[in-house]
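Understanding the architecture of this molecule
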Amino acid sequence: MEEYSDRPPADVAWYPMVPIRDVVIFPFTKVAFKIGRAGSVRALEQALAGDRMIFLATQHDATVDEPTPEQIYGIGTLGKILQSQKQENGQIKVVVEGRERATTVRVENAEGAFMALVRRAPVVNEEGTRLDALIQKIGQLVEQHLRLAPDTQTDALQTALRNQEPSHLADALASQLRISVEDKQGLLEIFSTQARLQRLVELLETEIEKRQLDRTIQTRVKRQMEKAQKEYYLNEQIKAIHKELGRKDEKAELEELKKKIEEAGMTDEAKEKAMQELHRLEAMPPMSAEGTVSRTYIDWLISVPWKQKSKEIKDLAKAEEVLNEDHFGLAKIKERILEYLAVRQLVKNPKGSILCFVGPPGVGKTSLGKSIARATGRKFVRLSLGGVRDEAEIRGHRRTYIGALPGQIIQMMKKAGAVNPVLLLDEVDKLGADFRGDPSAALLEVLDPEQNHTFQDHYLDVEYDLSKVFFIATANVLHTIPPALQDRLEILRLSGYTEREKLEIAKRHLVPKQAEGNGLKPDQFDFTDEGILEVIRHYTREAGVRNLEREIGSCCRKLARKFVSEPPAENAKDSIDAARVREMLGPIKFRQQGIAAQSEIGLATGLAWTEIGGEVLQIEATLVKGRGGVTLTGKLGDVMQESAQAALTCIRARAERLAMSLDFIRKRDLHIHIPEGAIPKDGPSAGITMATAMASALAHVPVRKNVAMTGEITLRGKVLPIGGVKEKLLAAHRFGIDTIILPKDNEKDLVEVPEEVRDSLNINLVESIDEVLSYALEDSVPTAAATDEAPPLWNTEQPSQGIQTR
Ligand SMILES: Nc1ncnc2c1ncn2[C@@H]1O[C@H](COP(=O)(O)OP(=O)(O)OP(=O)(O)O)[C@@H](O)[C@H]1O
Ligand SMILES: [Mg+2]
């Protein structure tokens, strides 16, 4: 502080000083406030006694009642008291007009009042574009500020802005802004107008930013509030709607679920899981996506049968009755089924005890399953495994997958609604396997009596007992069933029906069934035996009876249509005979006669065993000029190619006996063709047929028509046994073939062949290819070959080309 001896300089003078709290008073502003503290009142009185000028400076800390000079800011405002009014409580209300800034030089306490020696601060009023720009900017900011906070004293700020003098404007604005005392004091202490305006800009900008932030927070909060309110409102509405529709509300529904869980008879594990899920569900907002997932899961747990059991029929006589009622014939199979049922009653979990019906389509595998269910009083469910490639289809997806569901096994159990249904695993041979896992592995677990009482479905996620389920499998062929699975199965073969059996099946089952299905009464018409045989012989060619049933159905539909358009007279009985069948079904589809219309050279008829049962196939061999090679065409496997090679070698070795010149063979290529669609699954059984076709072509002797053969051939011409005799002979019978050539070693299989078929066929059992040829080839002496075709070419000896395939 400066020392002044006598007279202070003109801009320095003594003034009574009033420390003020919470406000900063600026020059060029009028302020009204109350003065209450004794020292301040005395200072005021002194001022009033003099030129009414007073020095106003702000305390650092508003809570201090008796501040020392050090606790008061060193820069304040000199002001003139315009009015003063004593209040009743001793306080004085004053109106002061700020005049100019001043800095304290010295403060003294005279008789309880502060006296301050202050120096007036010069007004620093810069000019220029920068000042104008600042003022303009401030104008904009104030406006923006007002927009964001319309509650603030709009008028006061706008008035402040109207000041012409930049310095006045700055101070008026500073005093009106709602900023902290510290910031205000800071503004007061800036003497330069330009600097003060600059600082004001900063303060206004911060203020605006704060307001903006406030506003976004507010709107965000508001938006959230609105959303919550909306949801609440909508939920209330849903509840109201449900109530209106007579549905139970949330709570009652959960109660009901709980009751259902308790009543479902679940295992402890399952019940615990269900209850757990129910608690989760309670905590979730109603109708939420999660809630639906939980609910679906609980629903599944509830709806799968845990205890429900159908009452089983133990009476074997009754079971037999049912089986006979549903199916004609199949005596051996039925017998086997009954034995099986008996064993099941005695032994709890018989080993390897899954029945598996194997046979061509339409022989009644699926319907036998149904019949077993009926015979044992169980529910029947069918799971088609054809094309199932994904393990998850058997076992389900984990619940974490969107849209996850239990696997087919559990779905079937739900469908059955009992723990002891007959579950028919249809077409196990069509089961696929790929990168998604091997479904047959899952199936193994299902079928294993050691494991299936704790079957785990990925979705259900609790152990489920399948041990009471009666599993039956069906398949067309065995060889595509994985060996591990085959091991669990007890194979029962259904190989197809003879014509007579088909007729009986049609009369007893198919015609009545189709008649009923098409709304015909049994006494309205008569399907004659000739009519049915016509269908069997000329409109179907199959091991089973599916197409037969379809064609019969088709006849019934035509009859039904006729009955509707021209109702029959009372007691009139329509009859469907052979002629009527032809009329109804149109042109004949199959001719009941040998494959070949006449005996031909190089055309041999073979018998094959495919997945649709026995088949008749024709093998053609033709000679062309060449170099002793063999070309095989058609879709052949390795086994068949080898078989062809063996056949050729064997025929070559017999060139002389067949009156062929070896050289002649060398100058010819042999082309053998096996038509597609009749590729035997049992590989080498076409051996003798190929050999016969070759021999016939080379020796230029026709193969007898209506002769069909099957057998494997060795290089030395021995004929080896083959499989599927019954199926093959049934096929031959179906095709109207009368002579069969069969390996001697297959004689034992003939007992399985229905007598009717055996009697209709002339079966020749052979051991060597020579016997085969003697039965198969026409008697004509094979002399023409060498001379007829082409002159023998003796000179060019060339090696054989071996077998080529195309
Ligand atoms: N012996 C029979 N007695 C009475 N009806 C039979 C007999 N065999 C088959 N059927 C009938 O033939 C129809 C076809 O049988 P099913 O569907 O069971 O054949 P499938 O052997 O399962 O054939 P796929 O291998 O094509 O599944 C059924 O309507 C069935 O009732
Ligand atoms: Mg079937």
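Summarised in this report is the structure supplied together with it. (Residues numbered from 1 in each chain as written. Chains lettered and ligands numbered in written order. Predicted model: local features only at pLDDT ≥ 70, side-chain atom pairs only at ≥ 80, totals over all residues. Heavy atoms only, no water.)

Burial along strand 19 (residues 630-633) is two-sided: Val630 and Leu632 and Thr631 and Thr633, pointing in opposite directions, are all buried. As paired strands, strand 19 and strand 20 (residues 668-673) are joined by four bridges and run parallel to one another. For Val630, the partnering residue across the bridge sits in strand 20 and is Leu670. (Buried < 20%, exposed > 50% of the residue type's maximum accessible area, 1.4 Å probe, protein only. Helix = DSSP H or I, 4+ residues; strand = E, 2+ residues; numbered from the N terminus. Pairing = 2+ DSSP bridges.)

Here we take up the site of ligand 1. The immediate surroundings of ligand 1 are formed by 19 residues, with Lys365, Thr366, Lys513, Arg546 and Glu549 found nearest. With respect to ligand 1, the backbone of Gly364 contributes an N or O atom lying 3.1 Å from an oxygen atom. With the chains in place, 89% of the 630 Å² that ligand 1 exposes on its own is no longer accessible. Put simply, the parts of the chain that give the shell around ligand 1 at least two residues each are helix 12 (365-376), helix 17 (499-517) and helix 19 (546-565). (Near = heavy atom within 4 Å. Polar contact = N/O pair within 3.5 Å; in protein donor to acceptor, adjacent residues only side chain to side chain. Areas by Shrake-Rupley, 256 points an atom, 1.4 Å probe, with all protein chains shown as cover.)

A word on the environment of Ala441. Tracing the backbone through its elements, the reader meets Ala441 in helix 15 (residues 439-447). Given the relative accessible area of 42%, Ala441 is considered partly exposed.

Residues Leu213, Ile217, Val221 and Met225 make up a contiguous nonpolar surface patch of about 390 Å² in total accessible area. Among the structural elements, Met225 can be located in helix 6 (residues 193-244). (Patch = residues over 30% accessible without salt bridge, like charges linked within 9 Å, V, L, I, M, F, W, Y side chains within 5 Å. Salt bridge = Lys/Arg side-chain N within 4 Å of Asp/Glu carboxyl O.)

Another aspect to go through is the pairing of strand 20. Residues Arg668, Leu670 and Ile672 of strand 20 are buried on one face, while the alternating residues Asp669, His671 and His673, pointing to the opposite face, are not. Bridge analysis of strand 18 (residues 613-625) against strand 20 gives six bridges, and the strand direction is antiparallel. Bridging across to strand 20, Val624 finds its partner in Asp669.

What follows is about a positive patch on the surface. On the surface, Lys309, Lys311, Lys314 and Lys348 cluster together into a positively charged patch. Here Lys314 shows up in the loop between helix 9 (289-303) and helix 10 (316-326). (Lys, Arg positive; Asp, Glu negative; His and termini not counted. Charge placed at Lys NZ, Arg CZ, Asp CG, Glu CD.)

The strand order across the open sheet built from five strands is 8-9-12-7-13, with neighbouring strands paired in parallel fashion. In the strand order of this sheet, the two ends are held by strand 8 (380-384) and strand 13 (489-493), each with one partner. The average undirected angle you get between the axes of adjacent strands in this sheet is 25 degrees. Of the strand pairs in this sheet, strand 7 (residues 354-358) and strand 12 (residues 470-475) are connected by four bridges, and their pairing is parallel. Note that in strand 12 the partner of Leu355 across the bridge is Ile472. Sheet strands touched by helix 12: strand 7, strand 8, strand 9 (422-426) and strand 12. Its angle to strand 9, the strand with the most contacts, is close to 175 degrees. (Axes fitted to C-alpha atoms, helices over the stretch in contact; angles between N-to-C directions. Contact = heavy atoms within 4.5 Å.)

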